Amino acid sequence: MSDASDRLPPLNALRAFEAAARRLSFTQAAEELNVTPGAISQQIRQLEDFAGTPLFKRTGRSVLLTDAAQASLPLVREAFEKIAEAGRVMQAPARKGRVMISSAPSFAAKWLAPRLESFHRANEGIEAWISADMSLTDFNTADADIAIRYGRGNYEGLKSEKLLDEMVLPVCSPRLLEGPNAIRKPEDLRHHTLLHDESSENDPSCPDWASWLRAHGVSGVDGNRGPRFNQGILVIESAAAGRGVALAKQAIAAADLEAGRLVAPFANGSIPIDFGYWLVWPKGRHLSPDVRAFIKWIKEEAAGTEVVGV
């Protein structure tokens, strides 16, 4: 009787197949796996020889999946997820006392990092490590236990729990509430620079200055003027330095509002938006006691978040 392993498809060829099928490109799969396109083609041919049937239809520069490939791809993805999870279980003793959290840079710097001392005081022996990255976490390759994502909470293959709702509101340095052009009402914004957040984290429901001014019935203020920034943290820092008034996300501005570096000049200036912050991790992943302790702590922190006007 032959060994059962003899009937298994080659692992490297399966990895090449999954990457090429997901991207519908041998070239992009090669870039992802750090090999040549020729190596991908060779591994796909090896897998097709094993299967006894074509897996891709070559159409010029692009490829399409055959029926056999479409039927097997979900099983291959699930298998790699289980292998990755098995590896994490094997590493559990070495990872004890450490929780790795992936988050966008602005949220990590302005909301999460200032609160971590509280977590470490309440959970001696557990270190929370932050990996700040603008791209979405790929749990198959990233060394992350959980991630914090900004969106609507629907992520294929991931379990998600709502952490924070989000809203936008005008914020500025306390210095702008004084002097001859002191901000007292929205119409006073005509005397001040408007700072714009054009980061990739914005969503269709997030108002810009022009729509915020319209919503509040403000005329005589050009909502399109002023500098633009590609990260929320840069908008906040510019506002705190007194360079203008920012239309900022509540969570990103919260620490500076609490510290008094920023103020919200209009008590009714906030506008809720559709997107929020979500805790996410792969479905079926075993969460260690350390990770569960972090999740419990961060949900309690989020529940106590509140921003008010001056």
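- Looking up the chain in an unreviewed UniProt entry gives the name LysR family transcriptional regulator, with the organism given as Hyphomonas polymorpha PS728.
- As stated in UniProt under Sequence similarities (unreviewed entry), the record for the chain gives "Belongs to the LysR transcriptional regulatory family."

**Quick notes on the overall build of the chain**
Then step 1. Per the secondary structure count, the chain includes 10 helices and 10 strands.
Then step 2. Taken against the 2.2 N^0.38 rule, which gives 19 Å for 310 residues, the C-alpha radius of gyration of the chain at 25 Å runs more than 25% over that of a compact globule.
Then step 3. Overall size of the chain, expressed as C-alpha extent along the three principal axes, is 90 × 50 × 25 Å.
Then step 4. Out of the 310 residues belonging to the chain, those deemed buried represent 46%.
Then step 5. When contacts within the chain are restricted to residue pairs at least 6 apart in sequence, those whose partners lie at least 24 apart make up 78%.

**Remarks on the nonpolar core**
Then step 1. One finds Phe-107, Leu-112, Leu-189 and Phe-294 to be the most contacted residues of the largest nonpolar core, which totals 59 residues.
Then step 2. Mapped onto the domain boundaries, this core takes at least three residues apiece from domain 2 (98–164 + 275–305) and domain 3 (166–273).
Then step 3. Excluding residues within four positions of it along the chain, Phe-294 makes contact with Val-99, Ile-101, Leu-112, Leu-116, Phe-119, Ala-128 and Ile-146.
Then step 4. One finds Phe-56, Val-63, Ala-69 and Leu-73 within the second-largest nonpolar core, a separate group that totals 21 residues.

**Thoughts on the side chain of His-192**
Then step 1. Tracing the chain through its elements places His-192 in the loop between strand S6 (158–171) and strand S7 (194–197).
Then step 2. You can call His-192 buried: its relative accessible area is 11%.
Then step 3. Beyond its immediate stretch of four places on either side in the chain, His-192 contacts Leu-176, Asn-181, Ile-183, Arg-225 and Val-245.

**Focus: the sheet that holds S6**
Then step 1. The strand order across the open sheet built from 8 strands is S4-S3-S5-S10-S6-S9-S7-S8, with neighbouring strands paired in mixed fashion. Edge positions in the open sheet fall to strand S4 (127–132) and strand S8 (228–229), since each of these has one partner strand only.
Then step 2. Pairing between strand S3 (residues 98–103) and S4: 6 bridges, direction parallel. Paired with Arg-98 across the strands is Glu-127, a residue of S4.
Then step 3. Packing against the sheet, helix H9 (residues 250–259) makes contact with S6, strand S9 (245–249) and strand S10 (271–282), and its axis sits at approximately 60° to S6.

**Notes on the pattern of salt bridges**
Then step 1. Counted by the stated rule, this structure contains 18 salt bridges.
Then step 2. As a salt-bridge pair, Asp-256 and Lys-110 come within 2.9 Å of each other at their nearest N and O atoms. Here the residue Asp-256 occupies a position in helix H9, and Lys-110 occupies one in helix H5 (residues 105–112), the gap between them amounting to 146 residues.
Then step 3. Residue Asp-256 is classed as buried on the basis of its relative accessible area, which comes to 5%.

**Things to note about the domain arrangement of the chain**
Then step 1. Partitioning the chain into structural domains gives domain 1 (11–91), domain 2 (98–164 + 275–305) and domain 3 (166–273).
Then step 2. Look at where the C-alpha atoms of domain 2 and domain 3 centre, and you get two points 27 Å apart.
Then step 3. Every contact between the two is made by 15 residues of domain 2 and, on the other side, 20 residues of domain 3.
Then step 4. Across the interface of domain 2 and domain 3, roughly 1,500 Å² is buried in total on both sides, 57% from carbon and sulfur atoms.
Then step 5. Sorting the residues of domain 2 by area buried against domain 3 places Lys-110, Tyr-150 and Phe-275 first, and these three jointly supply 44% of that buried surface.
Then step 6. Applying the counting criterion to the domain 2 and domain 3 interface returns 2 salt bridges.
Then step 7. For the interface between domain 2 and domain 3, the tally reads 5 residue pairs in polar contact (both at pLDDT 80 or more).
Then step 8. Of all the secondary structure elements, the ones that give two or more residues to the side of domain 2 that touches domain 3 are H5 and S10.
Then step 9. Sorting elements by how many residues they give to the side of domain 2 that touches domain 3 places H5 first, with 6 residues.

**A closer look at empty space enclosed by the protein**
Then step 1. One pass over the full model with this rule turns up 1 cavity of 30 Å³ or more.
Then step 2. Within this model, the largest cavity holds a volume of roughly 40 Å³.
Then step 3. Around the largest cavity, the lining residues are Asp-197, Gly-232, Val-235, Ile-236, Ala-248, Lys-249 and Ile-252.
Then step 4. Of all elements in the fold, only helix H8 (232–240) and S9 reach the threshold of two or more residues within the lining of the largest cavity.
Then step 5. Sort the elements by how many residues they give to the lining of the largest cavity and H8 lands first, with 3 residues.
Then step 6. Here the residues of the lining of the largest cavity are counted per class, giving 4 nonpolar, 1 polar and 2 charged.

Rules of the game
Residues numbered from 1 in each chain as written. Predicted model: local features only at pLDDT ≥ 70, side-chain atom pairs only at ≥ 80, totals over all residues. Heavy atoms only, no water. UniProt positions renumbered as here; feature names shortened; annotations may be inferred. Helix = DSSP H or I, 4+ residues; strand = E, 2+ residues; numbered from the N terminus. Rg over C-alpha atoms; globule rule 2.2 N^0.38 Å. Buried < 20%, exposed > 50% of the residue type's maximum accessible area, 1.4 Å probe, protein only. Contact = heavy atoms within 4.5 Å. Core = buried A, V, L, I, M, F, W, Y, C linked by side-chain atoms within 4.5 Å. Domains from an automatic or database assignment. Pairing = 2+ DSSP bridges. Axes fitted to C-alpha atoms, helices over the stretch in contact; angles between N-to-C directions. Salt bridge = Lys/Arg side-chain N within 4 Å of Asp/Glu carboxyl O. Buried area = accessible area lost by both parts, 1.4 Å probe. Polar contact = N/O pair within 3.5 Å; in protein donor to acceptor, adjacent residues only side chain to side chain. 1 Å grid on protein atoms, 1.4 Å probe; cavity = no way out; pocket = protein on both sides within 12 Å on 5 of 7 lines; lining within 4 Å. Points joined across faces, edges and corners; volume = space filled by probe spheres on them. Nonpolar A, V, L, I, M, F, W, Y, C, P; charged D, E, K, R; others polar.

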